[in-house]
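An overview of the molecular structure
Below, each chain spelled out in residue letters.
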Amino acid sequence: MNATIADTYEIAMGRWSRRLSRSFLDYVAAPSCGSLVDVGCGTGSLTLAAATRYPKADIVGIDLIPDYLTDALRSSAPNVRFETGDASALPFADDSFDTAFSQLLLNDLDGPAGAVGEMVRVTRANGTIAATVWDRVGGLTFIRLFLDVAAIVAGADGEDLRAQVFDVPYQNEDALFDLWSEAGLEAVDTTTIAVRMDFIDFDDYWQALMGAHSLIRVFYANQPADLAHEIQQATRRAYLGGKPDGRRSLVASALAVRGVVSP
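This section reports on the structure supplied with the text. The structure displayed is predicted, hence computed values, not measured ones.

Looking now at unusual backbone geometry. In most cases, non-glycine residues show a negative phi, while peptide bonds are predominantly trans. We note that L104 has phi near 65 degrees; this positive angle belongs to a residue other than glycine. Relative to the helices and strands, L104 resides in the loop between β4 (97–103) and α4 (112–121). According to the relative accessible area criterion, L104 is buried, its value standing at 17%. One non-glycine residue, A187, lies in positive phi territory at about 50 degrees. For A187, the position within the fold is in strand β6 (residues 186–199).

Written out as structure tokens, the structure reads:
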């Protein structure tokens, strides 16, 4: 059976996005009986976590990729509906929601400011707009481990890969603060959320790594066989840390921001 994009995401990041969603919802502090929209909901980790936390709320998850939504619908909840749509042109009327939030989307958009503007448009006055992104440069240990190895073993090609993966617009809390402030939001604040990424063994880690980013998969697949083997073995040694293969728990951090729509 061919793996879908949703299957690949689930293996690589889905389990961690579910873990992140719980802490992110603590930070968002949405009204328990309001209407909420999850913009760029993917496979529904945040949407479904919100549905469990707020069973009396009306929750919408929207994403541009139907394959993600198909996966999300497998675990749908009575107070949730999923729609296909573009974050930069949301198919909702002005002032439709009490809260708009987004998890792990902004760094994958060509125009994040447009998506934030749309979240503001569809949210009522005094409603909350919030988002979180992985701290890709300083906080994703499991990716950093491989990228540093690749930069050392593969030289310039590995260094180029590391630079490309880390080349995202929001690399610190200040950048997110500015994005929210420039959107006209009030009471803007930021935080860093830490979660653990637990791997059964190196094979589990490697499978997640190869699904984590298309640039990593392409880079590794295009290496000569002997160099690919050397990169994998060096990464394995880094993962093991001088101990027998087995479970490892690596810290991952995400940057989060929230603000209030002006009255």
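Packing of helix α5 (residues 141–153) against helix α10 (residues 225–240) brings their axes to within 9 Å, and their N-to-C directions diverge by 135 degrees. Taken together, the axes of α5 and α10 are oblique relative to one another. Like other packed secondary-structure pairs, α5 and α10 cross with a definite hand, here right-handed. Across the interface between the two elements, L145, F146, V149 and V153 of α5 pack against L227, E230, I231, A234, T235, A238 and Y239 of α10. Of the residues assigned to the contact of α5 with α10, the class counts are nine nonpolar, one polar and one charged.

Here the focus is the packing of aromatic side chains. With the rule as written, the count across this model stands at twelve aromatic pairs. For the pair F142 and Y205, a centre-to-centre distance of 6.3 Å together with 85 degrees between the ring planes defines the contact as edge-to-face. Separated by 63 residues along the polypeptide, F142 in helix α5 and Y205 in helix α8 (residues 202–212) bring together distant segments of the chain. Residue class for F142 comes out buried when judged on its relative accessible area of 0%. Seen from their ring centres, F146 and F219 are 6.4 Å apart, and the 80 degrees between their planes marks the pair as edge-to-face.

Every α-helix carries 3.6 residues per turn, so stepping three or four residues along brings you back to the same face. With nine of eleven residues buried, α8 is to be regarded as a mostly interior element. Those residues of α8 lying buried are F202, D204, Y205, W206, A208, L209, M210, G211 and A212.

Let us now look at the pattern of salt bridges. Within this structure, the stated rule accounts for eleven salt bridges. For D108, the salt bridge goes to R136, with nearest N and O atoms at 3.9 Å. Of this pair, D108 sits in the loop between β4 and α4 while R136 is found in the loop between β5 (123–134) and α5, placing the two residues 28 residues apart along the sequence. Its relative accessible area of 15% is what places R136 among the buried residues. A salt bridge links R162 to D148, with the shortest nitrogen-to-oxygen separation between them at 2.8 Å. Residue R162 is found in helix α6 (residues 156–166), and its partner D148 is found in helix α5; the two are separated by 14 residues along the sequence.

Let's shift gears to the packing of α8 against helix α9 (residues 214–221). At a closest axis distance of 5 Å, the pairing of α8 and α9 adopts a crossing angle of 110 degrees. Taken together, the axes of α8 and α9 are roughly perpendicular relative to one another. Residues W206, L209, M210, G211 and A212 of α8 lie in contact with α9, whose contacting residues are I216, R217 and Y220. Looking at the contact of α8 with α9, its residues break down into six nonpolar, one polar and one charged.

If you trace the backbone, Q103 turns up in strand β4. Here the side chain of Q103 touches S17 through a polar contact of 3.0 Å, landing on its backbone oxygen. Discounting chain neighbours no more than four positions away, the residues touching Q103 are S17, L20, S21, F24, D38, V39, G40, S45, L46 and T132.

On to the nonpolar core. Counting residues in hydrophobic clusters, the biggest one holds 60 residues, and the most contacted among them are W134, F142, F146 and Y205. Not counting residues up to four positions away in its chain, the partners in contact with F146 are L161, Y205, W206, L209, M210, I216, F219, I231 and T235. Listed in part, the 28 residues of the second largest apolar core include I62, L106, V120 and L185.

The strands making up a sheet are joined through hydrogen bonds of the backbone, oriented either antiparallel or parallel. Reading across from one edge, β3-β2-β1-β4-β5-β7-β6 is the order of the seven strands in this open sheet, with mixed pairing throughout. Bordering the open sheet on either side are β3 (80–84) and β6, each of which pairs with just one other strand. Neighbouring strand axes in the sheet, compared pairwise and without regard to direction, differ in orientation by 20 degrees on average. Direction of pairing for strand β1 (residues 35–39) relative to β4: parallel, over a ladder of three bridges. Counted as the bridge partner of L36 is T99 from β4. Of the strands in this sheet, β1, β4 and β5 touch α4, which is tilted by about 150 degrees from β5.

Rules used throughout
Residues numbered from 1 in each chain as written. Predicted model: local features only at pLDDT ≥ 70, side-chain atom pairs only at ≥ 80, totals over all residues. Heavy atoms only, no water. Helix = DSSP H or I, 4+ residues; strand = E, 2+ residues; numbered from the N terminus. Buried < 20%, exposed > 50% of the residue type's maximum accessible area, 1.4 Å probe, protein only. Axes fitted to C-alpha atoms, helices over the stretch in contact; angles between N-to-C directions. Parallel < 35°, antiparallel > 145°, perpendicular 65-115°, else oblique. Left-handed = near helix turned anticlockwise from the far one by under 90°. Contact = heavy atoms within 4.5 Å. Nonpolar A, V, L, I, M, F, W, Y, C, P; charged D, E, K, R; others polar. Phe/Tyr/Trp six-rings, centres within 6.5 Å; stacked < 30°, edge-to-face > 60°. Salt bridge = Lys/Arg side-chain N within 4 Å of Asp/Glu carboxyl O. Polar contact = N/O pair within 3.5 Å; in protein donor to acceptor, adjacent residues only side chain to side chain. Core = buried A, V, L, I, M, F, W, Y, C linked by side-chain atoms within 4.5 Å. Pairing = 2+ DSSP bridges.

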